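Structure assessment
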Amino acid sequence: MYRPTAFAVDERAALDAFVDAHPFALIASAAAAGEAPMLTHAPVLRHGDDTLVCHLARQNPHGDLLAAGAATTVVFSGPHGYVSPRWYAAGRAVPTWNYTAVHCTVAGREIEDADDLRAGMDAMVAQFESEPGIEQVVTPATMEGMLRGIRGFRLHVRRREGVFKLSQNRSDADRAGVLAGLAARGGADARLADFMRSRS
């Protein structure tokens, strides 16, 4: 991961909080020599200090790579957006892009135990379902059917590193201009501005 010093993040608490807040990840595993990496987008949850948990469709060949211990990185992406040079107080400047990301280098292991696989699914449902009564929709029978169609994985985190490129290399006046410009756009840009404020 390319990490200019001004933007590198190594604080464990900040990296873990980022992963928790942005669980939809890109899983990238090395394929055979000369082939492109295998990529899968999937929700990935932290489970304890150094473990991530995910599941893939049983027919997804990526599962075979994870089970075989292929070199794998899980990429968590957060707020990002275009930064106009017109927002800077300084003179001439160039456009850029502010962004946030955490990469976890992992070693995968398949979850063989059916109860462990179910526990992982239960944890995911519990995290993302805010309304009561989900058990009336996801019945034990439908859950059993779903579990037969997936493979679960524990991903042991060997290294974690982050990049939060948030105009740290600019003056206070320039940063204020970026914050105002992003906030005025609203939507995802406003969320990026909020994240910048939280890190200042």
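Anything mentioned here points back to the structure above.
These remarks concern the structure in this document. No experiment lies behind these values; they were computed from the predicted model shown. (Residues numbered from 1 in each chain as written. Predicted model: local features only at pLDDT ≥ 70, side-chain atom pairs only at ≥ 80, totals over all residues. Heavy atoms only, no water.)

The helix and strand inventory of the chain stands at 6 helices and 8 strands. When the elements of the chain are put in sequence order from the N terminus, they spell out β-α-β-β-β-β-α-β-β-α-α-β-α-α. When its C-alpha atoms are laid out on the principal axes, the chain stretches across 65 × 45 × 25 Å. Residues classed as buried in the chain amount to 40% of the 200 residues present. Of the contacts made within the chain by residues no fewer than 6 positions apart, 73% connect residues no fewer than 24 positions apart. In the structure as shown, the chain presents an accessible area of about 10,900 Å², 54% of it carried by carbon and sulfur atoms. Each charge class in the chain can be summarised by its mean position, and for the 21 positive and 23 negative side chains these summaries are 9 Å apart. (Helix = DSSP H or I, 4+ residues; strand = E, 2+ residues; numbered from the N terminus. Buried < 20%, exposed > 50% of the residue type's maximum accessible area, 1.4 Å probe, protein only. Contact = heavy atoms within 4.5 Å. Areas by Shrake-Rupley, 256 points an atom, 1.4 Å probe, with all protein chains shown as cover. Lys, Arg positive; Asp, Glu negative; His and termini not counted. Charge placed at Lys NZ, Arg CZ, Asp CG, Glu CD.)

This part takes up the environment of Gly63. With respect to the secondary-structure elements, Gly63 resides in helix 2 (residues 62–67). Taking the relative accessible area as the measure of exposure, Gly63 reaches 1% and is therefore buried. The spatial distance from the C-alpha of Gly63 to the C-alpha of Glu110 is 8.3 Å, given a sequence separation of 47 residues. What Gly63 contacts, discounting residues up to four positions off in sequence, is Leu56, Arg151 and Phe153.

As a further point, take the pattern of salt bridges. Pairs can form between side chains of opposite charge once their charged atoms are near each other. Under the criterion given, the structure shown has 17 salt bridges. Among the ionic pairs, Arg185 bridges to Asp189, the shortest N-O distance being 3.5 Å. A relative accessible area of 15% places Asp189 in the buried class. Close ionic contact of Asp194 with Arg197 constitutes a salt bridge, the shortest N to O distance being 3.0 Å. Taken together, the residues Asp194 and Arg197, both in helix 6 (residues 187–199) and 3 residues apart, mark about one turn of the helix. The exposure class of Arg197 is partly exposed, given its relative accessible area of 41%. Overlapping salt bridges bring together Arg12, Asp16, Asp20, Arg46, Asp50 and Arg160 as one network. (Salt bridge = Lys/Arg side-chain N within 4 Å of Asp/Glu carboxyl O.)

This part covers the packing of helix 5 (residues 172–185) against helix 6. In the contact formed by helix 5 and helix 6, the axes pass within 6 Å of each other and the chain directions differ by 145°. Pair helix 5 / helix 6 crosses with left-handed handedness. Facing Arg175, Val178, Leu179, Leu182, Ala183 and Arg185 of helix 5, the residues of helix 6 in contact are Gly187, Asp189, Ala190, Leu192, Ala193, Met196 and Arg197. Classifying every residue of the contact of helix 5 with helix 6 by side-chain character gives 8 nonpolar, 1 polar and 4 charged. (Axes fitted to C-alpha atoms, helices over the stretch in contact; angles between N-to-C directions. Left-handed = near helix turned anticlockwise from the far one by under 90°. Nonpolar A, V, L, I, M, F, W, Y, C, P; charged D, E, K, R; others polar.)

It is worth spelling out the nonpolar core at this point. In this structure, Ile27, Val44, Leu52, Val74, Phe76, Val102 and Leu155 are the most contacted members of the largest nonpolar core, which totals 33 residues. Elements that contribute at least two residues to this core include exactly helix 1 (12–21), strand 2 (24–29), strand 5 (51–57), strand 6 (72–83), strand 7 (96–111), strand 8 (150–165), helix 5 and helix 6. In terms of nonpolar packing, the next biggest core, distinct from the first, is built from 7 residues, Ile111, Met121, Met143 and Ile150 among them. (Core = buried A, V, L, I, M, F, W, Y, C linked by side-chain atoms within 4.5 Å.)

With that settled, consider helix 6. Taking 1.5 Å per residue as the helical rise, helix 6 with its 13 residues ought to reach 18 Å, and the 19 Å between its terminal C-alpha atoms agrees with that figure. Residues of helix 6 that are buried in the fold lie against helix 1, strand 6, strand 7, strand 8 and helix 5. (Expected span 1.5 Å × (residues − 1).)

Let's shift gears to the packing of helix 3 (residues 114–128) against helix 4 (residues 140–148). Two measures define how a pair of helices packs: the angle their axes make with one another and the distance between the axes. Where helix 3 meets helix 4, the closest approach of the two axes is 11 Å, and the angle between their N-to-C directions is 115°. For the element pair helix 3 / helix 4, the angle class is roughly perpendicular. Remark: the crossing between helix 3 and helix 4 carries right-handed chirality. Residue-level contacts link Leu117, Arg118, Met121 and Asp122 of helix 3 to Met143, Glu144, Met146 and Leu147 of helix 4. (Parallel < 35°, antiparallel > 145°, perpendicular 65-115°, else oblique.)

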